[in-house]
Amino acid sequence: MPAPVVLIAEELSPATIAALGPDFDIAKVDGTDRAALREALATADAILVRSATQVDAEALSWAPKLKVIARAGVGLDNVDIKAATQAGVMVVNAPTSNIISAAELTVSHVLGLARHLQRAHASLSAGEWKRSSFTGTELYEKTVGIVGLGRIGALVAERLRGFGVEILAYDPYITAARANQLGAELVELDELVTRADFLTIHMPRTPETLGMIGADQFKLMKPTAYVVNVARGGLIDETALLTALDAGEIAGAALDVFVQEPPQDTALTGHPKVNVTPHLGASTDEAQEKAGVSVAKSVRLALAGELVPDAVNVAGGTINEYVKPGLPLTEKLGQIFAGLAAGPVTSLDVEVHGELSEHNVEVLRLAALKGLFTQIVSDPVSYVNAPLFAEQRGVEVRFSVDAISESYRNVVTLRGTTADGHQVSVSGTLTGPKQVEKIVEINGYELELPISEHLVVFSYEDRPGIVATYGALLGEAGINIAGLQIARDAKKGTALSVLSVDSPVPTEIVEQLGEAIGADPLRAIDLVTD
């Protein structure tokens, strides 16, 4: 039998090739040459790319044998994940390869702003000698505000502590105890921006975080303060930043990422108070080599038919066919759990009940964690790094399996405790020949509702007219209710309503619903889907 063909479409390190091992035929092609790529893909079992090669639906149509696409890096903008999934092709990346490089670049930008390094360099290179124009500031005893205390934010905190700074942190999913372990004081965002001399942001780019550092935050900042963004373009409102710089509301900024890349408007990139780099967060030899070696190992696992922890679209490997349908169900339960918790989680129990107990279902623990942290962190989450996120955030994770399931053949339950002591639980199952994913329990209330992309969950004192009230409010907002379940603990007691809706519910509508029906609490949950 001929050896599988692994196609190298961009320049990769010798260590990457070595990590593939001797069991494959290695072919090389310039991935940006579409004609050459088409010819090479005809016989490829796997393809390794960086960022230049576009692996889109057209390219996939040229690759009848392709089993895995490996991106030697974090981002997947050049890979059509949906088309790959439809074609049954696994997509893998290297989600942890760049975290040290990104943290170090953040620290570099903080130091560069403090000492005006880029402006001083440009001045001296132009033949000027203006020492007094570039008087800087020491970091010692200054306050650094870190927005997002995940893996990269934690590394930044660790590195900056050596400069003798005070560290503040804002992260709605981090407990005060975890922040204290990292030497940071956990505060609300407004307090952080008010007190910080340097502000650096490490959050995911979501509808909620887009523009989270904007005009209101700049007005609260010290006129001597600086902001740094090496995370995602758009987390800082670029228009508001430009206005703040011109108005003297802040002293300067450093940006590695932009809303549009490469940026077409030079108002920020050419601003005298702004230091810029062209998205260099992962651009170190070490990060590139880590990424290449990581995905090479994933390719070996994929082509051997084994479990691939870094697969971002499909679960590969030797997972029992009876267990596999439970993976997407459990991931969604993890996301719903995160939405119900709406804050830091201190413990999580993953329970598997029923016939699944006859099989090895440890992978469902990983699926639950993957779902949970998909709603929380900015980086891609996989089976391999989800337990690391739990460890970093001080989440105690327990896993149990038993054969008892009274109402369904199988039930997966996630239950845990939030930092403020509240108990949260959600259970799900698969029903019927089509294996429909359903929620069957939330916070002790029994129900049965198909899982949908957009959910609204709220509890209230049961009384007449509630359904009409929220039905009218959602109708006025143009939001269609696709499904509804109401559960009660007693007649005229506390009731739980779960709505599946056809579109996301805006924050202002959530607040109106809560006020109108006296809901406590009310959660709008939007699932992240591939």
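As a reminder, the structure under discussion sits directly above these lines.
Residues numbered from 1 in each chain as written. Predicted model: local features only at pLDDT ≥ 70, side-chain atom pairs only at ≥ 80, totals over all residues. Heavy atoms only, no water.

**Digging into a nonpolar patch on the surface**
So, point 1. Together, Val467, Leu484 and Ile486 make up an exposed nonpolar region whose accessible area comes to about 210 Å².
So, point 2. Within the secondary structure layout, Leu484 lies in strand 20 (residues 481–488).
So, point 3. In this structure Leu484 comes out as partly exposed when scored by relative accessible area, which is 34%. (Patch = residues over 30% accessible without salt bridge, like charges linked within 9 Å, V, L, I, M, F, W, Y side chains within 5 Å. Areas by Shrake-Rupley, 256 points an atom, 1.4 Å probe, with all protein chains shown as cover. Salt bridge = Lys/Arg side-chain N within 4 Å of Asp/Glu carboxyl O. Helix = DSSP H or I, 4+ residues; strand = E, 2+ residues; numbered from the N terminus. Buried < 20%, exposed > 50% of the residue type's maximum accessible area, 1.4 Å probe, protein only.)

**Some words on the packing of aromatic side chains**
The relative placement of two aromatic rings is captured by the distance of their centres and the angle of their planes.
So, point 1. Scanning the entire structure with this criterion turns up 4 aromatic pairs.
So, point 2. Pairing Phe373 with Phe389 gives two aromatic rings, centres 5.8 Å apart and planes at 40 degrees, and the pair type is tilted. Here Phe373 is found in helix 15 (residues 362–374), whereas its partner Phe389 is found in helix 16 (residues 386–392), with 16 residues between them in sequence. The same class applies to Phe373 as to Phe389, namely buried.
So, point 3. Between Phe458 and Tyr470 the ring centres are 5.1 Å apart and the planes differ by 80 degrees, which places this aromatic pair in the edge-to-face class. Here Tyr470 lies in helix 17 (residues 466–476) and Phe458 lies in strand 19 (residues 454–461), a separation of 12 residues in the sequence.
So, point 4. The exposure class of Tyr470 is buried, given its relative accessible area of 1%.
So, point 5. Joined through ring pairs, the aromatic side chains of Phe458, Tyr460 and Tyr470 make up one cluster. (Phe/Tyr/Trp six-rings, centres within 6.5 Å; stacked < 30°, edge-to-face > 60°.)

**Side note on a negative patch on the surface**
So, point 1. A cluster of acidic side chains, namely Glu104, Asp285, Glu286 and Glu289, defines a negative patch on the protein surface.
So, point 2. For the negative patch, the element with the most residues is helix 13 (residues 285–303), which contributes 3 residues.
So, point 3. Here Asp285 lies in helix 13. (Lys, Arg positive; Asp, Glu negative; His and termini not counted. Charge placed at Lys NZ, Arg CZ, Asp CG, Glu CD.)

**A look at the pairing of strand 4 (residues 68–71)**
Look at any regular strand and the pattern is simple: side chains alternate between the two faces of the sheet.
So, point 1. Alternating residues of strand 4 divide into Val68 and Ala70 and Ile69 and Arg71, and every residue in both groups is buried.
So, point 2. In this structure, strand 3 (residues 46–49) lies alongside strand 4, joined through 4 bridges in parallel fashion. Each bridged residue has a counterpart across the sheet, and for Ala46 the counterpart in strand 4 is Val68.
So, point 3. In this structure, strand 4 lies alongside strand 5 (residues 90–92), joined through 3 bridges in parallel fashion. What sits directly across from Ile69, in strand 5, is Val91.
So, point 4. Once you follow strand 4 into helix 4 (residues 81–86) and on to strand 5, the crossover reads as right-handed. (Pairing = 2+ DSSP bridges. Right-handed = clockwise from strand over helix to strand, strands pointing away.)

**Looking at the pattern of salt bridges**
So, point 1. Here the structure, examined in full by the defined rule, presents 19 salt bridges.
So, point 2. Residues Lys222 and Asp197 are paired through a salt bridge, measuring 2.9 Å at the closest nitrogen-oxygen approach. Residue Lys222 is found in the loop between helix 10 (215–220) and strand 10 (226–229), and its partner Asp197 is found in the loop between helix 9 (189–195) and strand 9 (198–201); the two are separated by 25 residues along the sequence.
So, point 3. Assessed through its relative accessible area of 27%, Lys222 is described here as partly exposed.
So, point 4. Note on Asp197: relative accessible area 13%, which makes it buried.
So, point 5. Linked by salt bridges that have partners in common, Glu166, Glu185, Glu191 and Arg195 make up one network.

**Observations regarding the environment of Glu104**
So, point 1. Here Glu104 lies in helix 5 (residues 99–115).
So, point 2. The partly exposed category is assigned to Glu104, whose relative accessible area is 42%.

**Some remarks on the environment of Glu39**
So, point 1. Considering the arrangement of structural elements, one finds Glu39 in helix 2 (residues 34–41).
So, point 2. When the C-alpha atoms of Glu39 and Thr494 are compared, they prove to be 64 Å apart, with 455 residues separating the residues in sequence.

**Examining unusual backbone geometry**
So, point 1. Of the consecutive residues Glu261 and Pro262, the connecting peptide bond is found in the cis state with omega at -5 degrees.
So, point 2. Turning to its location among the elements, Pro262 is positioned in the loop between strand 11 (252–255) and helix 12 (266–269).
So, point 3. With a phi close to 55 degrees, His279 is a non-glycine residue in the positive phi region.
So, point 4. Summarising the element assignment, His279 is placed in the loop between strand 12 (274–276) and helix 13.
So, point 5. For His279, a relative accessible area of 42% corresponds to the partly exposed category.
So, point 6. Positive phi is not limited to glycine here, since Ala342 has a value of about 50 degrees.
So, point 7. One can find Ala342 in the loop between helix 14 (326–341) and strand 13 (345–354).
So, point 8. A relative accessible area of 40% places Ala342 in the partly exposed class.

**Here's the deal with the nonpolar core**
So, point 1. Membership of the largest hydrophobic core comes to 49 residues, with the highest contact counts inside it found for Ile336, Phe373, Leu414, Val426 and Ile442.
So, point 2. Setting aside residues no more than four positions away along its own chain, Val426 makes contact with Leu333, Ile336, Phe337, Leu340, Val412, Thr413, Leu414, Ile439, Glu441 and Ile442.
So, point 3. Counting residues in each nonpolar core, the second largest holds 30 residues, with Leu105, Ala114, Ile152 and Ala254 among its members. (Core = buried A, V, L, I, M, F, W, Y, C linked by side-chain atoms within 4.5 Å. Contact = heavy atoms within 4.5 Å.)

**A few points about the sheet that holds strand 16 (residues 423–431)**
So, point 1. One open sheet accounts for 6 strands, arranged 14-13-15-16-17-18; its pairing is mixed. Looking at the sheet topology across the chains shown, the edges are occupied by strand 14 (396–402) and strand 18 (445–450). Looking at each pair of strands side by side, their axes are set apart by 20 degrees on average, direction ignored.
So, point 2. Looking at chain direction, strand 13 and strand 14 are connected through 7 bridges and run parallel. Looking at strand 14, one finds that Val350 is bridged to Phe399.
So, point 3. Along the sheet, helix 14 contacts strand 13, strand 15 (410–418), strand 16 and strand 17 (436–442); its crossing angle with strand 16, the most-contacted strand, is approximately 155 degrees.
So, point 4. Sheet strands in contact with helix 15 are strand 13, strand 14 and strand 15, and its direction is about 140 degrees off that of strand 13. (Axes fitted to C-alpha atoms, helices over the stretch in contact; angles between N-to-C directions.)

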